[in-house]
Amino acid sequence: MTSTWHVVGAAALMMVLGAVWTVYVGGLADERGTVQAAAPEQGFLPLLQMSLTVLGVLAITSEYATGMIRTSLTVVPQRRTLFLAKAVVVGLATSTTAYVVLLVTYSASRLIAAGHRLGFNETPLADDLPMLFAAGISVTALALVGLGLGAAMRSTAGAIVSVVTLLFILPGVVNYLPPPWSTRVATLLLPNLVPQLAGHRLSSRLGDGLLPPWAALLALLLYPAIALIVGFIMFKRRDA
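Note that the coordinates shown come from a computational prediction; the quantities given were computed from them, not determined experimentally.

Colleague: Give me unusual backbone geometry: which residues, what numbers.
Modeller: Between proline 179 and proline 180 the backbone carries a cis peptide bond, its omega angle lying at 5°. Its location among the elements puts proline 180 in the loop between helix 7 (156–173) and helix 8 (181–186). Residue arginine 154 is not a glycine yet carries a positive backbone phi of 60°. Tracing the chain through its elements places arginine 154 in the loop between helix 6 (125–153) and helix 7. Residue classification places arginine 154 among the partly exposed positions, given a relative accessible area of 29%.

Colleague: Please give an account of helix 9 (residues 190–197) that cites residues and values.
Modeller: Counted residue by residue, helix 9 has seven buried out of eight residues, so it is predominantly covered. Residues of helix 9 that are buried include every one of Leu190, Asn192, Leu193, Val194, Pro195, Gln196 and Leu197, and no others. Buried residues along helix 9 sit against helix 3 (45–66), helix 6, helix 7, helix 8 and helix 10 (213–237). Positive backbone phi, at 90°, marks glycine 199, one or two positions downstream of helix 9.

Colleague: Can you break down the nonpolar core residue by residue, with the values?
Modeller: Leu45, Leu48, Leu52 and Leu102 are the most contacted members of the largest nonpolar core, which totals 36 residues. Contributions of two or more residues to this core are made by helix 1 (2–32), helix 3, helix 5 (79–112), helix 6, helix 7, helix 9 and helix 10. It is helix 6 that provides the largest number of residues to this core, a total of eight residues. Not counting the four nearest positions on each side in its chain, leucine 52 is found in contact with Val7, Ala11, Thr94, Thr97, Ala98, Val139 and Ala143. Ranked by size, the runner-up nonpolar core spans 15 residues in total, among them Phe83, Val90, Ala151 and Leu228.

Criteria and cut-off values
Residues numbered from 1 in each chain as written. Predicted model: local features only at pLDDT ≥ 70, side-chain atom pairs only at ≥ 80, totals over all residues. Heavy atoms only, no water. Helix = DSSP H or I, 4+ residues; strand = E, 2+ residues; numbered from the N terminus. Buried < 20%, exposed > 50% of the residue type's maximum accessible area, 1.4 Å probe, protein only. Contact = heavy atoms within 4.5 Å. Core = buried A, V, L, I, M, F, W, Y, C linked by side-chain atoms within 4.5 Å.

This is the structure in structure tokens:
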């Protein structure tokens, strides 16, 4: 499918942007001696997340759009088996793609940044692995959320808008809540679970803005679990 290759190409664009960003901040470091720049694998993570979320959405909505869902149900009449197979394929495909893109972006940026003090290249790989792991998990989780929402809505646009709301709009809205609730609610939002999964604190206030990694992982996994359950219920009840 052409759209699938477009989505994968958009995800791979992260590697190019990461290299360009590193060259740019490396030039700034030549002028200033040192800079504190965002790591490209973190700064461009939303691009990777959204790209592969679209892949998860299209895994089901494209079949409704073309009518291929009837053929799929003829070949695999057990809807539970079909839906589970789609979830497994989406999970494996997005997880593999995410980690390849993240690791290539990470490695290339550090090679390009050699000899410069850019902040993000001054920590060893062992210290960066938790964040890389968390980033990859978040991409896969969002792709499965996209699959679940796509099955529930049967609309590519509707599912994508819902994920955009979850990923970008809600984190901004909670900032208007009175403290300390703004920070406490923010800890449960999907984008903020990535740093917490890596053991980073969201707030300097003692007791606020921090879930232990195991709790952050559980909260992160709840997003695709709920979306897939709702999606499967709607998929099972409605006609093709």
